[in-house]
Amino acid sequence: MKIKFCGAAKMVTGSCHLIEYANKKLLVDCGMRQGQDTKTELGEDSFPFDAASVDAVLLTHAHIDHSGLLPLLVKKGFSGDIITTEATSQLCTIMLPDSANIQEYDAQLENKKRQRAGKKLIEPLYTMQDVNNTLKLIKGVKYDETVKLSDEVTVRFKDAGHLLGSASVEIWITEEGVTKTLAFSGDIGRAERPIICDPKFIEQADYVIMESTYGDRNHEAGTNDEKEAQLASVLRSAIARGGNIVIPSFAIGRTQELLYYIKRFIANNTVKGLEKIPVYVDSPLGIEATRVYERSADGYYDEEAMELRREGSPFDFETVNFTRTADESKLINVTPGQKIIIASSGMCDAGRIRHHLKHNLYQKNATVIFAGYQAVGTLGRLLVDGAEKVKLFGEEIRVNAVIEHLSVFSGHAGRNELVDWVSAITPKPDRVFLVHGEEEALDMLAEAIRSLGYNVTVPNLLDEVVLTDGRKDGEPEAPSVQAPAADVESVEELTHEYKLVEQMERILKLAEEMSFKKSPDVSLKLDIMENDLAAFADKWEKMFE
């Protein structure tokens, strides 16, 4: 069995991992590369494998950097099942068509330029037909449902707490009579986030592939109350300035959180004057995603959100306006008065947000609020890093607006939360692979996890690793963990034999550590250990007489 890192290796976007076993291939995620991640040897439109040879895909969640190249995979010949959660399958029905529209529109614009210059025309990365073919292959499952894909593979999706339907994936693969467990974290969320439930831990895995987006830092605030307080404070200051409040927002997840908070602020009179300011959700995708959120509550909402839902939509209030058409969008900036504009994309690389930034960045009384991670190479990252000028639609725009960055609203776990997540897996995995992060974040998280005794690897893009059982030379193989039966609610506890071997390994490790101690009483301690072990051995012999 081996794994090849085909994306998000020493990068933040483009998650894509290929597992090969028993002459079969399983892909975990197939995400779009964004920002500087498009400048690798893979570019935007290639895979380091034959798409038609892949047997199945497991999708952790709907964000485009995890799902966005699925239609390209299908276009290039993939025809197997795409397994994901039911909520993710619903979000894909709006996310992927939106992406296809962007691909077709961008290709159309480029071809107009090429036609005038007498250059060869290009094709879009994929089309709406490719998306329709992809959606037919998606199969939705419930959280914690054990699914048998084949005689060799069983999978289960655990709530990752990052986004509606987001999941970590457990995969049991049997090859040559031995079963090994792989755990893919997906994007790990944070506890006490609004609307969705907290992330769930995975209990056991031989190999872990884990995200590292915030591996180099912890978030400033953790609780829901602290996040609300920060957003409320920023909104108060922005309202006092008198200009428009522009919020670049991911259409799925962040937009719904912002609406949820604004509705609470208005109901509780938390931010004075907010109830008088119109809020525009200027994102057709964000509007559709909000509708998916509204009808996908059961099994995904936390208790507080469910209680609010019983009183109506958690995202609708008197001053909110949902603008679908381009004409409606254009009217926003010419309409007098202060307003809040929530628009996609979250990193400002495309979409209507760029038009709103063009109309507001130069104004000193305007505020731009970033509520999440901004990848290197994106316009959002330039603004967060303090750029004084940016170029939009060929025009240089002076940045006079106040730029606020609320990293506490990130949907990704911070460093300590990531360490807690992997530490919950017992016994320690044979190997932990860190992906989905900038190099500094990867290196710092790797150091933190290694200090706890883990074997950590930070793979390069296109690295291929043969997965072994982690044994030292001459060391007997531990009993393998059996995959759970299909349609069982949870994995049973490890076998007694495995637990005994685990304890034996602990004892051997203690004995090895003691032999290197220089303390004056080391001999006495070794004598005590020897006597204790002899007593255990005698006791066990008598048990089987």
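Residues numbered from 1 in each chain as written. Predicted model: local features only at pLDDT ≥ 70, side-chain atom pairs only at ≥ 80, totals over all residues. Heavy atoms only, no water.

**Observations concerning the overall build of the protein chain**
Step number 1: The number of helices and strands found in the protein chain is 15 helices and 22 strands.
Step number 2: In the protein chain, which comprises 545 residues, the share counted as buried stands at 52%.
Step number 3: Across the protein chain, every contact between residues at least 6 apart in sequence was considered, and the portion connecting residues at least 24 apart equals 74%.
Step number 4: Total accessible area on the protein chain stands at roughly 25,000 Å², and carbon and sulfur atoms take up 48% of it. (Helix = DSSP H or I, 4+ residues; strand = E, 2+ residues; numbered from the N terminus. Buried < 20%, exposed > 50% of the residue type's maximum accessible area, 1.4 Å probe, protein only. Contact = heavy atoms within 4.5 Å. Areas by Shrake-Rupley, 256 points an atom, 1.4 Å probe, with all protein chains shown as cover.)

**Digging into the sheet that holds strand β1 (residues 2-7)**
Step number 1: Read across the sheet, 7 strands follow the order β6-β5-β4-β3-β2-β1-β22 without closing on themselves; strand pairing throughout is mixed. Because the sheet does not close on itself, it has two edges, and the strands there are β6 (138-141) and β22 (464-466). Each neighbouring strand pair of the sheet contributes to a mean axis angle of 25°, computed without reference to strand direction.
Step number 2: Bridge analysis of strand β3 (residues 24-28) against strand β4 (residues 56-58) gives 3 bridges, and the strand direction is parallel. (Pairing = 2+ DSSP bridges. Axes fitted to C-alpha atoms, helices over the stretch in contact; angles between N-to-C directions.)

**Comments concerning unusual backbone geometry**
Step number 1: A cis amide bond, omega 10°, links S344 with the succeeding residue S345.
Step number 2: Position of S345 among the secondary structure elements: in the loop between β15 (340-343) and α10 (353-360).
Step number 3: In this structure, the amide linkage connecting T426 to the following residue, P427, adopts the cis form with an omega of -5°.
Step number 4: Considering the arrangement of structural elements, one finds P427 in the loop between α12 (415-423) and β20 (431-435).

**Details of the environment of L467**
Step number 1: Relative to the elements of secondary structure, L467 occurs in the loop between β22 and α14 (496-515).
Step number 2: Overall, L467 belongs to the buried group, its relative accessible area being 11%.
Step number 3: Here the alpha-carbon distance between L467 and K180, two residues 287 residues apart in the chain, equals 9.5 Å.
Step number 4: Apart from the residues lying within four places of it in its own chain, the contact partners of L467 are M1, K2, I3, L182, Y207 and F433.

**A short note on the confidence of the model for the protein chain**
In low-pLDDT regions, the fine details of the predicted coordinates are not to be read closely.
Step number 1: The predicted model of the protein chain averages 88 in pLDDT, with 86% of residues at 70 or higher.
Step number 2: Considering only residues more than four positions removed or in separate chains, one finds that residues 469-480, a stretch of pLDDT under 50, has 16 contacts.
Step number 3: The low-confidence segment residues 487-499, where pLDDT is below 50, has 22 contacts with residues more than four positions distant or belonging to other chains. (pLDDT = per-residue confidence, 0-100.)

**Some remarks on helix α4 (residues 128-135)**
Step number 1: Buried residues of α4: D130, V131 and T134, and no others. Looking down the long axis of α4, one finds its buried residues gathered within 100° of arc, a one-sided arrangement.
Step number 2: On its buried face, α4 is in contact with α2 (70-75), β5 (81-85), α3 (86-117) and β6. (Arc of directions from axis to C-beta.)

**Some thoughts on the packing of aromatic side chains**
Step number 1: Under the criterion given, the structure shown has 6 aromatic pairs.
Step number 2: Measuring from ring centre to ring centre gives 6.1 Å for Y293 and F315, while their planes differ by 85°; the resulting arrangement is edge-to-face. Separated by 22 residues along the polypeptide, Y293 in helix α7 (residues 284-295) and F315 in the loop between α8 (303-309) and β14 (320-322) bring together distant segments of the chain.
Step number 3: Among the aromatic residues, those joined into a cluster by ring pairs are Y260, Y261 and F265.
Step number 4: One Lys or Arg, R291, reaches over the ring of F322 and ends 4.8 Å from the middle of that ring. (Phe/Tyr/Trp six-rings, centres within 6.5 Å; stacked < 30°, edge-to-face > 60°. Lys NZ or Arg CZ within 6 Å of the ring centre and 35° of its normal.)

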